[in-house]
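# Analysis of the macromolecular model
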Amino acid sequence: GELAPPIDIEWAWHCHTLSPLKYASDCIRVLGKPMHKHTLQYSANRPQATARARTQWEAAFPDIPFDLEYYEGSRMEWDASRLSCDLPAV
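Read on for a plain summary of the structure. (Residues numbered from 1 in each chain as written. Predicted model: local features only at pLDDT ≥ 70, side-chain atom pairs only at ≥ 80, totals over all residues. Heavy atoms only, no water.)

The next point concerns the overall build of the protein chain. Tallying secondary structure elements over the protein chain gives 3 helices and 0 strands in all. Walking the protein chain from its N terminus toward its C terminus, one meets helices and strands in the order α-α-α. Of all 90 residues assigned to the protein chain, the portion counted as buried reaches 20%. Within the protein chain, contacts between residues at least 6 apart in sequence are counted, and of these 70% link residues at least 24 apart. Summing over all exposed atoms, the protein chain offers an accessible surface of approximately 7,100 Å²; the carbon and sulfur share of this is 60%. (Helix = DSSP H or I, 4+ residues; strand = E, 2+ residues; numbered from the N terminus. Buried < 20%, exposed > 50% of the residue type's maximum accessible area, 1.4 Å probe, protein only. Contact = heavy atoms within 4.5 Å. Areas by Shrake-Rupley, 256 points an atom, 1.4 Å probe, with all protein chains shown as cover.)

Here is the structure:
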């Protein structure tokens, strides 16, 4: 079935694709091949696609939350990225 990432992951992916040359370069370097945005298409069943992705994520990474938790006053600490695109600058 279809899988849908959490909205923060999809947003980062969308922002990264706004720099197409870096996006293409990063895909080839990290994945070994291009990954086009149309590769991840969801139908109107996004809630079900997200639920399937959450189930698979939680089985593979039980100690890492599927969704980032946002709350007033929270501070995100980002891990070092292997991507060449500076997403906050996009």
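Once the structure has been displayed, the description carries forward.
A contiguous nonpolar patch, built from Val-30, Leu-31 and Met-35 and spanning about 220 Å² of accessible area, is present on the exposed surface. Looking at the element boundaries, Leu-31 is found in helix 2 (residues 20-31). (Patch = residues over 30% accessible without salt bridge, like charges linked within 9 Å, V, L, I, M, F, W, Y side chains within 5 Å. Salt bridge = Lys/Arg side-chain N within 4 Å of Asp/Glu carboxyl O.)

We now examine the packing of aromatic side chains. For the structure on display, the rule yields 2 aromatic pairs. A centroid spacing of 4.4 Å and a plane angle of 45° characterise the contact between Trp-57 and Phe-61, whose relative ring orientation is tilted. Its relative accessible area of 30% is what places Trp-57 among the partly exposed residues. (Phe/Tyr/Trp six-rings, centres within 6.5 Å; stacked < 30°, edge-to-face > 60°.)

Note that every value here comes from positions in space, so none of it alone points to a role or purpose.
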